[in-house]
Amino acid sequence: MEQRPPNAEAGARVLVVDDDPTVAEIVTGYLDRAGYVVDRAGDGPDALARAAAHWPDLVVLDLMLPGMDGLEVCRRMRGQGPVPVIMLTARGDEDDRILGLEVGADDYVTKPFSPRELVLRVESVLRRTRPAPVAASGLLRAAGLAVDPAARRATKNGTELALTIREFDLLSFFLRHPGRAFSREELMREVWGWDFGDLSTVTVHVRRLRGKVEDDPARPRIVQTVWGIGYRFDPAAGSGEE
(Lines give C-alpha, C1' and ligand atoms only; values in the text may rest on other atoms or scores of the structure.)
Protein backbone atom coordinates (compact mmCIF):
# COMPACT_ATOMS: atom_id res chain seq x y z
CA MET A 1 0.00 0.00 0.00
CA GLU A 2 1.35 3.41 -0.94
CA GLN A 3 1.35 5.72 2.07
CA ARG A 4 1.29 9.50 1.59
CA PRO A 5 1.94 12.02 4.35
CA PRO A 6 -1.52 12.77 5.81
CA ASN A 7 -0.57 16.22 6.99
CA ALA A 8 0.15 18.20 3.84
CA GLU A 9 -2.70 20.31 2.50
CA ALA A 10 -0.98 21.34 -0.72
CA GLY A 11 -1.15 18.45 -3.16
CA ALA A 12 -2.99 16.22 -0.69
CA ARG A 13 -4.73 13.22 -2.24
CA VAL A 14 -8.52 13.19 -1.87
CA LEU A 15 -10.65 10.16 -2.79
CA VAL A 16 -14.20 11.12 -3.87
CA VAL A 17 -16.68 8.23 -3.60
CA ASP A 18 -20.14 8.87 -5.09
CA ASP A 19 -22.28 6.83 -7.49
CA ASP A 20 -23.80 10.01 -8.97
CA PRO A 21 -21.40 10.93 -11.80
CA THR A 22 -22.63 14.54 -11.88
CA VAL A 23 -21.96 15.10 -8.17
CA ALA A 24 -18.61 13.32 -8.40
CA GLU A 25 -17.56 15.39 -11.40
CA ILE A 26 -18.49 18.71 -9.77
CA VAL A 27 -16.76 17.84 -6.49
CA THR A 28 -13.68 16.58 -8.34
CA GLY A 29 -13.50 19.77 -10.40
CA TYR A 30 -13.64 22.07 -7.38
CA LEU A 31 -11.08 20.03 -5.44
CA ASP A 32 -8.78 19.86 -8.46
CA ARG A 33 -8.90 23.64 -8.86
CA ALA A 34 -8.11 24.00 -5.15
CA GLY A 35 -4.86 22.11 -5.74
CA TYR A 36 -5.72 18.62 -4.55
CA VAL A 37 -4.86 15.35 -6.29
CA VAL A 38 -8.26 13.70 -6.75
CA ASP A 39 -9.20 10.05 -7.28
CA ARG A 40 -12.79 9.01 -8.03
CA ALA A 41 -14.73 5.85 -7.24
CA GLY A 42 -18.37 5.02 -8.00
CA ASP A 43 -18.96 2.27 -5.43
CA GLY A 44 -17.55 0.70 -2.29
CA PRO A 45 -15.33 -2.04 -3.76
CA ASP A 46 -13.82 0.42 -6.24
CA ALA A 47 -13.17 2.87 -3.39
CA LEU A 48 -11.38 0.23 -1.32
CA ALA A 49 -9.29 -0.85 -4.31
CA ARG A 50 -8.27 2.72 -5.11
CA ALA A 51 -7.43 3.42 -1.47
CA ALA A 52 -5.27 0.29 -1.35
CA ALA A 53 -3.39 1.36 -4.48
CA HIS A 54 -2.92 5.01 -3.44
CA TRP A 55 -3.75 5.70 0.20
CA PRO A 56 -5.68 9.00 0.40
CA ASP A 57 -5.08 11.87 2.78
CA LEU A 58 -8.86 12.33 3.02
CA VAL A 59 -12.03 10.64 1.71
CA VAL A 60 -15.25 12.39 0.62
CA LEU A 61 -17.69 9.51 0.98
CA ASP A 62 -21.35 9.29 -0.02
CA LEU A 63 -23.41 7.44 2.56
CA MET A 64 -25.82 5.91 0.04
CA LEU A 65 -23.80 3.71 -2.29
CA PRO A 66 -24.98 0.65 -4.26
CA GLY A 67 -24.11 -2.72 -2.79
CA MET A 68 -21.79 -1.58 0.01
CA ASP A 69 -22.92 1.57 1.79
CA GLY A 70 -20.66 4.35 2.98
CA LEU A 71 -20.72 3.17 6.59
CA GLU A 72 -19.22 -0.18 5.63
CA VAL A 73 -16.66 1.48 3.35
CA CYS A 74 -15.66 3.75 6.24
CA ARG A 75 -15.33 0.80 8.62
CA ARG A 76 -13.15 -1.15 6.19
CA MET A 77 -10.91 1.79 5.42
CA ARG A 78 -10.47 2.53 9.10
CA GLY A 79 -9.50 -1.12 9.53
CA GLN A 80 -6.58 -0.52 7.14
CA GLY A 81 -5.35 2.70 8.71
CA PRO A 82 -6.32 6.16 9.96
CA VAL A 83 -7.80 8.45 7.34
CA PRO A 84 -10.06 11.51 7.69
CA VAL A 85 -13.56 11.00 6.24
CA ILE A 86 -16.17 13.58 5.26
CA MET A 87 -19.53 11.86 4.80
CA LEU A 88 -22.13 13.08 2.28
CA THR A 89 -25.68 12.51 3.55
CA ALA A 90 -29.21 13.38 2.45
CA ARG A 91 -30.74 16.41 4.12
CA GLY A 92 -32.76 15.57 7.22
CA ASP A 93 -31.34 12.07 7.74
CA GLU A 94 -30.12 12.81 11.28
CA ASP A 95 -29.91 9.14 12.26
CA ASP A 96 -27.65 8.45 9.28
CA ARG A 97 -25.41 11.38 10.18
CA ILE A 98 -25.09 10.10 13.74
CA LEU A 99 -24.24 6.63 12.43
CA GLY A 100 -21.58 8.16 10.20
CA LEU A 101 -20.01 9.91 13.17
CA GLU A 102 -20.26 6.73 15.24
CA VAL A 103 -18.14 4.78 12.73
CA GLY A 104 -15.54 7.52 12.80
CA ALA A 105 -16.43 10.10 10.14
CA ASP A 106 -14.74 13.41 10.94
CA ASP A 107 -17.42 15.59 9.36
CA TYR A 108 -20.49 15.39 7.17
CA VAL A 109 -22.08 17.61 4.53
CA THR A 110 -25.77 17.36 3.66
CA LYS A 111 -27.02 17.21 0.07
CA PRO A 112 -27.64 19.44 -1.75
CA PHE A 113 -24.47 21.27 -0.76
CA SER A 114 -22.27 24.07 -1.96
CA PRO A 115 -19.09 22.69 -3.57
CA ARG A 116 -17.21 25.69 -2.16
CA GLU A 117 -18.39 24.77 1.33
CA LEU A 118 -17.20 21.21 0.81
CA VAL A 119 -13.75 22.45 -0.25
CA LEU A 120 -13.60 24.57 2.93
CA ARG A 121 -14.55 21.53 5.02
CA VAL A 122 -11.79 19.50 3.31
CA GLU A 123 -9.26 22.24 4.05
CA SER A 124 -10.43 22.45 7.67
CA VAL A 125 -10.22 18.70 8.31
CA LEU A 126 -6.78 18.39 6.69
CA ARG A 127 -5.51 21.41 8.62
CA ARG A 128 -6.66 19.91 11.91
CA THR A 129 -4.98 16.58 11.13
CA ARG A 130 -1.60 18.23 10.58
CA PRO A 131 0.53 17.63 13.70
CA ALA A 132 1.49 20.90 15.33
CA PRO A 133 5.16 21.43 16.18
CA VAL A 134 5.77 20.22 19.71
CA ALA A 135 8.75 20.49 21.99
CA ALA A 136 10.53 17.43 23.33
CA SER A 137 8.64 17.91 26.61
CA GLY A 138 5.28 17.91 24.83
CA LEU A 139 4.14 14.54 26.25
CA LEU A 140 0.80 14.95 28.03
CA ARG A 141 0.02 12.79 31.08
CA ALA A 142 -2.95 12.61 33.41
CA ALA A 143 -5.39 10.08 34.88
CA GLY A 144 -3.38 7.09 33.64
CA LEU A 145 -3.40 8.53 30.12
CA ALA A 146 -0.35 9.52 28.09
CA VAL A 147 -0.56 11.40 24.79
CA ASP A 148 2.38 12.07 22.48
CA PRO A 149 1.14 14.77 20.04
CA ALA A 150 4.21 14.50 17.78
CA ALA A 151 3.84 10.74 17.32
CA ARG A 152 0.00 10.90 17.35
CA ARG A 153 0.05 8.10 19.94
CA ALA A 154 -2.08 7.72 23.07
CA THR A 155 -2.00 5.09 25.81
CA LYS A 156 -4.01 4.23 28.91
CA ASN A 157 -2.05 2.56 31.70
CA GLY A 158 0.57 1.63 29.10
CA THR A 159 -1.88 0.09 26.61
CA GLU A 160 -2.16 1.87 23.27
CA LEU A 161 -5.55 3.36 22.44
CA ALA A 162 -7.07 2.99 18.96
CA LEU A 163 -8.31 6.54 18.48
CA THR A 164 -9.61 8.20 15.35
CA ILE A 165 -7.96 11.45 14.30
CA ARG A 166 -10.68 13.58 15.88
CA GLU A 167 -10.81 11.50 19.09
CA PHE A 168 -7.07 11.99 19.44
CA ASP A 169 -7.42 15.74 18.99
CA LEU A 170 -10.24 15.88 21.54
CA LEU A 171 -8.28 13.89 24.14
CA SER A 172 -5.18 16.05 23.59
CA PHE A 173 -7.25 19.20 24.09
CA PHE A 174 -8.75 17.88 27.32
CA LEU A 175 -5.30 16.95 28.68
CA ARG A 176 -4.02 20.44 27.89
CA HIS A 177 -6.91 22.02 29.81
CA PRO A 178 -7.55 19.88 32.93
CA GLY A 179 -10.30 20.90 35.30
CA ARG A 180 -11.89 23.47 32.99
CA ALA A 181 -15.44 23.14 31.72
CA PHE A 182 -16.00 23.70 28.00
CA SER A 183 -19.26 24.08 26.14
CA ARG A 184 -19.88 22.06 23.01
CA GLU A 185 -19.62 25.30 21.01
CA GLU A 186 -16.16 25.95 22.48
CA LEU A 187 -15.02 22.40 21.77
CA MET A 188 -16.26 22.64 18.18
CA ARG A 189 -14.33 25.87 17.72
CA GLU A 190 -11.13 24.78 19.48
CA VAL A 191 -10.91 21.12 18.40
CA TRP A 192 -12.72 21.10 15.06
CA GLY A 193 -11.79 24.64 14.07
CA TRP A 194 -15.38 25.45 13.10
CA ASP A 195 -17.41 28.46 14.16
CA PHE A 196 -20.62 26.71 13.11
CA GLY A 197 -21.89 23.18 12.72
CA ASP A 198 -24.08 20.45 14.22
CA LEU A 199 -23.18 20.17 17.90
CA SER A 200 -24.16 16.47 17.87
CA THR A 201 -20.73 15.99 16.27
CA VAL A 202 -19.16 16.91 19.61
CA THR A 203 -21.61 14.80 21.61
CA VAL A 204 -20.93 11.68 19.55
CA HIS A 205 -17.14 12.09 19.71
CA VAL A 206 -17.21 12.59 23.48
CA ARG A 207 -19.26 9.40 23.80
CA ARG A 208 -16.82 7.49 21.60
CA LEU A 209 -13.83 8.83 23.52
CA ARG A 210 -15.38 7.83 26.83
CA GLY A 211 -15.78 4.31 25.49
CA LYS A 212 -12.00 4.12 25.13
CA VAL A 213 -10.66 6.01 28.15
CA GLU A 214 -13.21 5.35 30.90
CA ASP A 215 -13.20 2.22 33.05
CA ASP A 216 -17.00 2.36 32.98
CA PRO A 217 -18.24 4.50 30.04
CA ALA A 218 -21.78 4.37 31.45
CA ARG A 219 -20.49 6.20 34.56
CA PRO A 220 -17.79 8.49 33.19
CA ARG A 221 -15.37 9.94 35.73
CA ILE A 222 -12.53 11.30 33.58
CA VAL A 223 -14.56 13.15 30.93
CA GLN A 224 -17.43 14.49 33.00
CA THR A 225 -20.66 16.12 31.90
CA VAL A 226 -21.16 19.57 33.40
CA TRP A 227 -24.91 20.02 33.20
CA GLY A 228 -25.98 23.19 31.45
CA ILE A 229 -22.45 23.86 30.20
CA GLY A 230 -20.71 20.94 28.48
CA TYR A 231 -17.77 18.75 29.49
CA ARG A 232 -14.79 18.84 31.85
CA PHE A 233 -11.67 16.66 31.97
CA ASP A 234 -10.99 15.62 35.59
CA PRO A 235 -7.42 14.26 35.98
CA ALA A 236 -7.97 13.42 39.64
CA ALA A 237 -10.63 10.84 38.75
CA GLY A 238 -8.31 8.48 36.87
CA SER A 239 -6.15 5.64 38.11
CA GLY A 240 -3.00 7.72 38.50
CA GLU A 241 0.03 8.62 36.44
CA GLU A 242 1.82 6.06 34.31
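Residue numbers here run from 1 along each chain, matching the order of that chain's written sequence. Where totals are concerned, whole chains, interfaces and linings use all residues; where local detail is concerned, this predicted model gives features only for residues with pLDDT of at least 70, and gives and counts side-chain atom pairs only at 80 or more. To obtain the side-chain values, all non-hydrogen atoms of the structure were included, while hydrogens and water were left out.

1. Here we look at the nonpolar core
Reasoning step 1: Grouping buried Ala, Val, Leu, Ile, Met, Phe, Trp, Tyr and Cys residues that are joined through side-chain atoms within 4.5 Å yields what is termed a nonpolar core. Under the scheme applied here, a residue whose accessible area is under 20% of the maximum for its type counts as buried, over 50% as exposed, and between as partly exposed, the area being computed with a 1.4 Å probe on protein chains only. Within the largest apolar cluster, 29 residues are counted, with the highest numbers of intra-cluster contacts made by Leu145, Leu170, Leu171, Phe174, Leu175, Leu187 and Phe233.
Reasoning step 2: Runs of E in the DSSP output that reach at least two residues are strands. Runs of H or I that reach at least four are helices, and both are numbered from the N terminus. Of all the secondary structure elements, the ones that give two or more residues to this core are β6 (140-142), β7 (145-148), α6 (165-176), α7 (184-192), α8 (200-213) and β12 (230-233).
Reasoning step 3: Here this core gets six residues from one element, more than from any other, and that element is α6.
Reasoning step 4: The next biggest cluster of nonpolar side chains, apart from the first, holds 23 residues, and it includes Leu71, Cys74, Met77 and Leu101.

2. Considering the side chain of Asp18
Reasoning step 1: Examined against the element boundaries, Asp18 turns out to sit in the loop between β1 (13-17) and α1 (21-33).
Reasoning step 2: We define a polar contact as two N or O atoms separated by no more than 3.5 Å, with the added condition that, inside protein, one atom must be a possible hydrogen donor and the other a possible acceptor, whereas residues neighbouring each other in sequence contribute only through side-chain atom pairs. Engagement of the side chain of Asp18 in a polar contact is seen with the side chain of Lys111, the distance being 3.0 Å.
Reasoning step 3: Residues are treated as being in contact if the distance between any of their heavy atoms lies within 4.5 Å. Dropping the residues within four chain positions of it, Asp18 is found in contact with Val23, Ala24, Ala41, Gly42, Asp62, Leu65, Leu88 and Lys111.

3. What to know about α6
Reasoning step 1: To estimate how far a helix should reach, multiply one less than its number of residues by 1.5 Å. For α6, with twelve residues, the first-to-last C-alpha span of 17 Å sits near the 16 Å given by 1.5 Å per residue.
Reasoning step 2: Of all twelve residues in α6, eleven are buried; the element is thus mostly enclosed.
Reasoning step 3: For α6, the full list of buried residues reads Ile165, Arg166, Glu167, Phe168, Asp169, Leu170, Leu171, Ser172, Phe173, Phe174 and Leu175.

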